[in-house]
Amino acid sequence: MATSANDDIKMIYMDHAATTYVHDEAVAAMVPFFTQKIGNPAAVYRYAGEAAKAVAEARRTIAESLGAEPSEIIFTSGGTESDNMAMGMGRGHVITTAFEHHAILEPCKALQKSGTEVTYVSPGADGLIDPDAVRAAIRPDTKLISVMFANNEIGTVQPIEEIGRVAHEYGIMFHTDAVQAYGHLPIDVRKMNVDVLSASGHKLGGPKGVGFVYVKNGIKAAPVLIGGPQERGLRAGTLNVPGIVGLGVAASVSMRDMERNEIYVRGLRDRLIDGVMHSMTGARLNGHPTRRLPGNANFSFKGIEGETLLILLDRERICASSGSACSTGAIEPSHVLTAIGLDAAEAAGSLRLTLSERNTAEEVDAVIEALGRIIGRLRSMRKA
Ligand SMILES: *Cc1c(COP(=O)(O)O)cnc(C)c1O
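Worth saying up front: this structure is predicted, and the values here are computed from it rather than measured. (Residues numbered from 1 in each chain as written. Predicted model: local features only at pLDDT ≥ 70, side-chain atom pairs only at ≥ 80, totals over all residues. Heavy atoms only, no water.)

Novice: Tell me what's going on with the packing of aromatic side chains, and back it up with residues and numbers.
Specialist: Scanning the entire structure with this criterion turns up three aromatic pairs. With a centroid separation of 5.8 Å and 75° between ring planes, the pair formed by Tyr13 and Tyr21 is classed as edge-to-face. Judged by its relative accessible area of 13%, Tyr13 falls in the buried class. Here Tyr21 falls in the partly exposed class, since its relative accessible area comes to 23%. Each ring, one from Tyr182 and one from Phe212, has its centre 5.2 Å from the other, and the planes form 85°; the classification is edge-to-face. A residue pair is termed long-range when its members are at least 10 positions apart, and Tyr182 in the loop between β6 (173-177) and β7 (196-200) and Phe212 in strand β8 (residues 211-215) qualify at 30 residues. Each member of the pair, Tyr182 as well as Phe212, carries the same accessibility label: buried. Positioned over the ring face of Tyr21 is Arg358, at 4.3 Å from the centre of the ring. (Phe/Tyr/Trp six-rings, centres within 6.5 Å; stacked < 30°, edge-to-face > 60°. Buried < 20%, exposed > 50% of the residue type's maximum accessible area, 1.4 Å probe, protein only. Helix = DSSP H or I, 4+ residues; strand = E, 2+ residues; numbered from the N terminus. Lys NZ or Arg CZ within 6 Å of the ring centre and 35° of its normal.)

Novice: Break down the site of the ligand for me, citing the residues and quoting the values.
Specialist: Near the ligand there are 13 residues, and of these Thr80, Asp177, Gln180, Ser200 and Lys203 occur at the shortest range. With respect to the ligand, the backbone of Gly79 contributes an N or O atom lying 2.8 Å from an oxygen atom. One of the side-chain N or O atoms of Ser200 is found 2.6 Å from an oxygen atom in the ligand. Relative to its free-state accessible area of 380 Å², the ligand is covered by the protein chains to the extent of 88%. Grouping the amino acids of the shell around the ligand by side-chain chemistry returns two nonpolar, eight polar and three charged. (Near = heavy atom within 4 Å. Polar contact = N/O pair within 3.5 Å; in protein donor to acceptor, adjacent residues only side chain to side chain. Areas by Shrake-Rupley, 256 points an atom, 1.4 Å probe, with all protein chains shown as cover. Nonpolar A, V, L, I, M, F, W, Y, C, P; charged D, E, K, R; others polar.)

Novice: Tell me about the environment of Gln230, and please be specific about residues and values.
Specialist: Relative to the helices and strands, Gln230 is located in the loop between β8 and α8 (241-279). Counting along the chain gives 133 residues from Gln230 to Glu363, while the straight-line C-alpha distance between them is 45 Å. Apart from residues lying up to four places away in sequence, Gln230 is in contact with Arg235, Ala236, Gly237 and Thr238. (Contact = heavy atoms within 4.5 Å.)

Novice: Provide a residue-level description of the environment of Ala344, including the pertinent values.
Specialist: Looking at the secondary structure, you find Ala344 in helix α11 (residues 344-348). A relative accessible area of 46% means that Ala344 is categorised as partly exposed. Between the C-alpha atoms of Ala344 and Glu332, which are twelve residues apart in sequence, the distance is 8.2 Å.

Novice: Pulling in residues and values, what's your account of the sheet that holds strand β2 (residues 73-76)?
Specialist: Backbone hydrogen bonds are what pair the strands of a sheet, in a parallel or an antiparallel way. In space, the seven strands of this open sheet follow the order β2-β8-β7-β6-β5-β3-β4, with mixed pairing throughout. Across the chains shown, the open sheet's two edge strands, defined by having one partner strand only, are β2 and β4 (117-121). The sheet shows a mean angle of 20° between the axes of neighbouring strands, direction not considered. With five bridges joining them, strand β3 (residues 93-97) and β4 adopt parallel strand pairing. Its bridge partner being in β4, Val94 is matched across the sheet by Val118. (Pairing = 2+ DSSP bridges. Axes fitted to C-alpha atoms, helices over the stretch in contact; angles between N-to-C directions.)

Novice: Give a description of the side chain of Glu262 that names residues and reports values.
Specialist: Within the secondary structure, Glu262 is located in helix α8. The exposure class assigned to Glu262 is buried, which follows from its relative accessible area of 18%. With near-sequence residues (within four places) excluded, Glu262 lies in contact with His184, Leu185, Pro186 and Pro294.

Novice: Now, about unusual backbone geometry: what can you tell me, with residues and values included?
Specialist: Positioned with a positive phi, Asn193 is a non-glycine residue whose angle comes to about 60°. Relative to the elements of secondary structure, Asn193 occurs in the loop between β6 and β7. Residue classification places Asn193 among the buried residues on the basis of a relative accessible area of 17%. Of note in the backbone geometry, Arg317 takes a positive phi value of approximately 60° without being a glycine. Summarising the element assignment, Arg317 is placed in the loop between α9 (306-315) and β11 (318-319). Of the residues examined, Arg317 reaches a relative accessible area of 42% and is grouped as partly exposed.

Dropping the structure here:
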């Protein structure tokens, strides 16, 4: 069982798509950059040199993990900034999907306000984007296509290589928000026809507030933050050295353990899905049954409110989410679930449980048991 560091209260954490623990190796690697090697990597003295060397090493590790060049990696403050930078390349006409993260959808709204047209391709009922639907949306003035690698709510993994091929057939730039996939699934930007990619540290066992954007050599990006000459003028501001070091180590640990974790976490996920689907009536699994992230399970329960479910699960020390974390508390149903065709009532009753290698089969069984009990109680209250 996962226990929090400072007390012995046992909690079951199944919200790894919202944020992850930081790997011990990453924490250990970061500490000296807070306490000793505190130099600004832009300075000339030795401590600064050590910081610059550590940043270069993180950049190399990350580039290697994607089949990219170190010069193609730009460190940012996280997924949101990387997505904003990518969408800043939108001109003329942009194609994206209806179920992207808000870090893509809000910049799209801003593009529309300034005269750029945006087409939102809808996923199928299984949560997959059809590359032919993307092709059908292409116009002579389309300059950018952005399709997320894996959806943060329902976990569906998109046919990125095929969509990238379609984009390149027409000479259109292709961006993917890979925040949920990077560190969890193998990614090769060259093979997958990706020109620009966003990732975030805290979704793969790195710290919060640090991420990167991969921008293929030869592509002209525009900075979001302007000021100093850091990151080849593409991202001004003193580098977050400890964060970058932590991200680099998290990336390296993720790559090292990926295959083993993928098999283990997928096993837990399928145990959870089978358990819930077999023991509860009126349960539906949202998203594709197999083409989904190893750790993602997303259910709807007929007649049950997601928020109520979360509160009752919290009383049993089970951490889960409903809709995306950013819109928790909002009354509107999840735009992801409505995009795959759920009606408002169904979308309001969703529950997302996201697993990692820190979870155990005992935790999964405890969650299935607690869920069954809570849903049974809620249903009998409704009948009474
Ligand atoms: C978490 C997330 C983001 C935002 O990343 P931050 O580092 O939290 O800004 C963007 N896209 C997706 C798909 C995400 O899951």
